[in-house]
Amino acid sequence: MITGVAFAWLSLGQAVQGAALVGPCETMDNSVPNRYPTALMSTDEKTPNELPGRASYTQFADRYAEQAPVKPHNALYERPATRSLLGAVAGLDVLDAGCGPGILSAELAGEGARVQAFDVTPAMVQLAKARCAGLAVDIAQGDLGRPLDWLASGSVDRIVCSLALDYVEHLAPTFQEFHRVARPGALLVFSMSHPMRDWIDTRTRGSRTYFETTRFGLHWGGFGEPKPWVEAFRRPLADIFNALMEAGWAIDRVLEPMPQPEMKAVSPALHAELAQAPAFICVRARRV
Ligand SMILES: C[S@@+](CC[C@H](N)C(=O)[O-])C[C@H]1O[C@@H](n2cnc3c(N)ncnc32)[C@H](O)[C@@H]1O
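Residues numbered from 1 in each chain as written. Predicted model: local features only at pLDDT ≥ 70, side-chain atom pairs only at ≥ 80, totals over all residues.

Novice: Just checking my understanding: could you explain the environment of Thr-121 for this structure?
Specialist: Tracing the sequence through the fold places Thr-121 in the loop between β4 (114-119) and α6 (122-131). Sequence-distant contacts of Thr-121, that is, excluding residues within four places in its chain, are made with Gly-53, Arg-54, Tyr-57, Thr-58 and Ala-61. (Helix = DSSP H or I, 4+ residues; strand = E, 2+ residues; numbered from the N terminus. Contact = placed C-beta atoms within 7 Å.)

Novice: Help me understand the site of the ligand in this model?
Specialist: Neighbouring the ligand are 21 residues; Gly-53, Gly-100, Thr-121, Ala-164 and Tyr-167 lie closest to it. Elements supplying a minimum of two residues to the shell around the ligand: α2 (52-58) and α5 (103-110). In terms of residue class, the shell around the ligand is built from 13 nonpolar, six polar and two charged. (Near = placed C-beta within 6 Å. Nonpolar A, V, L, I, M, F, W, Y, C, P; charged D, E, K, R; others polar.)

Novice: How should unusual backbone geometry be read in this particular structure?
Specialist: A negative phi holds for most residues other than glycine; trans holds for most peptide bonds. Residue Pro-226 is reached from Glu-225 by a cis peptide bond, and omega for that bond is -10°. Following the sequence through the fold, Pro-226 ends up in the loop between β8 (214-220) and β9 (229-234). One non-glycine residue, Leu-163, lies in positive phi territory at about 55°. Here Leu-163 is to be found in the loop between β6 (156-162) and α7 (171-181).

Novice: Could you clarify how one ought to interpret the sheet that holds β4 in this entry?
Specialist: Strands pair in a sheet through their backbones, by hydrogen bonds, and they do so in one of two ways: parallel or antiparallel. Read from one edge of the open sheet, seven strands run β5-β4-β3-β6-β7-β11-β10, paired in mixed fashion. Across the chains shown, the open sheet's two edge strands, defined by having one partner strand only, are β5 (137-141) and β10 (249-255). The sheet shows a mean angle of 15° between the axes of neighbouring strands, direction not considered. Alignment of β4 against β5, held across five bridges, turns out to be parallel. Counterpart to Ala-117 in the pairing with β5 is Ile-139. Packed onto the sheet, helix α10 (residues 237-246) meets β10 and β11 (280-287) and runs at close to 145° relative to β10. (Pairing = 2+ DSSP bridges. Axes fitted to C-alpha atoms, helices over the stretch in contact; angles between N-to-C directions.)

Novice: Please explain the packing of α7 against α10 as it appears in this structure.
Specialist: The description of two packed helices rests on the angle between their axes and on the distance between the axes. At their nearest, the axes of α7 and α10 sit 8 Å apart, and the two run at 35° to each other. The crossing of α7 and α10 is right-handed. Contact residues: Leu-171, Ala-172 and Phe-175 in α7; Ile-240, Ala-243, Leu-244 and Glu-246 in α10. Split into classes, the residues belonging to the contact of α7 with α10 amount to six nonpolar, no polar and one charged. (Left-handed = near helix turned anticlockwise from the far one by under 90°.)

Novice: What is the right way to look at the nonpolar core in this model?
Specialist: The tendency in soluble globular proteins is for nonpolar side chains to be buried side by side. One finds Val-94, Ala-128, Ile-139, Ile-159, Leu-165 and Leu-188 to be the most contacted residues of the largest nonpolar core, which totals 76 residues. The biggest single contributor to this core is strand β7 (residues 182-193), with seven residues. Residues in contact with Ile-159, not counting those within four places in the same chain, are Leu-95, Ala-97, Phe-178, Ala-182, Ala-186 and Leu-188. (Core = buried A, V, L, I, M, F, W, Y, C linked by C-beta atoms within 7 Å. Buried ≥ 20, exposed ≤ 12 C-beta atoms within 10 Å, placed from the backbone.)

Novice: Where do I start with the pairing of β8 in this structure?
Specialist: Every regular strand shows the same layout, with side chains that alternate between the two sheet faces. Counting buried positions along β8 yields six of seven residues, so the element is predominantly enclosed. Taken together, the six bridges between β8 and β9 define a ladder with antiparallel strand orientation. Its bridge partner lying in β9, Leu-218 is registered against Val-230.

Novice: Got a minute to help me understand helix α12 (residues 268-276) in this structure?
Specialist: Owing to its 3.6 residues per turn, the α-helix aligns residues three or four sequence positions apart on the same side. Of all the residues in α12, the buried ones are Leu-270, His-271 and Leu-274. Buried residues of α12, viewed axially, fall in a sector of 100°; they line one side. Among the exposed residues of α12, those oriented more than 90 degrees off its buried face are Pro-268, Ala-269, Ala-272 and Gln-276. Along its buried surface, α12 packs onto α4 (72-86) and α11 (263-266). (Arc of directions from axis to C-beta.)

On their own, these measurements won't tell you what the molecule is for.
Structural data, given as structure tokens:
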């Protein structure tokens, strides 16, 4: 068990043993989860000794950088929901944790924020640097599962972490570290895959119960060929909220987002699916 402010850093070996690894799995389109044919993958081809996020995004960082700014799942669903929770940022110090190719970092700097950003995937860091050139954005390579030791304590007003925490097995140390770098009263906004959605989907559930943290892999079909093999963690909702509150964050608002109305015209099937049940959960918490 991880307790206290001292980070009990977990080795990758421990992390891999700690979660149930599910497989073989099927092709998944990140945008339209059930529309692509099955492509079975043997567990031998997974990457248990690599950080799942880095191994996954190294395969298609360029394609993500090109498509995520306009992809309906991001542009007309997750990003507007996350931005609505973040509010105005002009004049604030903002940390973009798991920044990917810097889409949000550039947007926030354009609105007058001073941005610190980091990502674990070297290709993403390079793409973020290119996108944010000339803007007030400092970009580092860093791991959400390790101490953010290049960041001073009490140095940021807002932390945004969009769609990156799914790749971290143990959230408690990460939320504690976010607490350390945040100023009193700071806001943390994050989005993640909705735990119930991933459990209802038999491909991501495997043979596990809802209550087990599960490491699973899927071929994502929504970013072109070759389909990247993406591994992530699914965990119970209570584990997310309890880790957050125990780290000193008070939950302020929870969104199970609805798609933007414009999605109906560009991607009617996805709109219909997301209007029935959420794919993501977005949370705003205040540093106590
Ligand atoms: C779905 S992308 C989201 C990127 C960006 N936040 C956005 O909304 O466009 C997930 C990102 O999380 C990053 N990531 C995965 N595991 C990470 C970790 N342990 N530490 C930091 N970043 C991580 C990946 O490299 C990838 O860039």
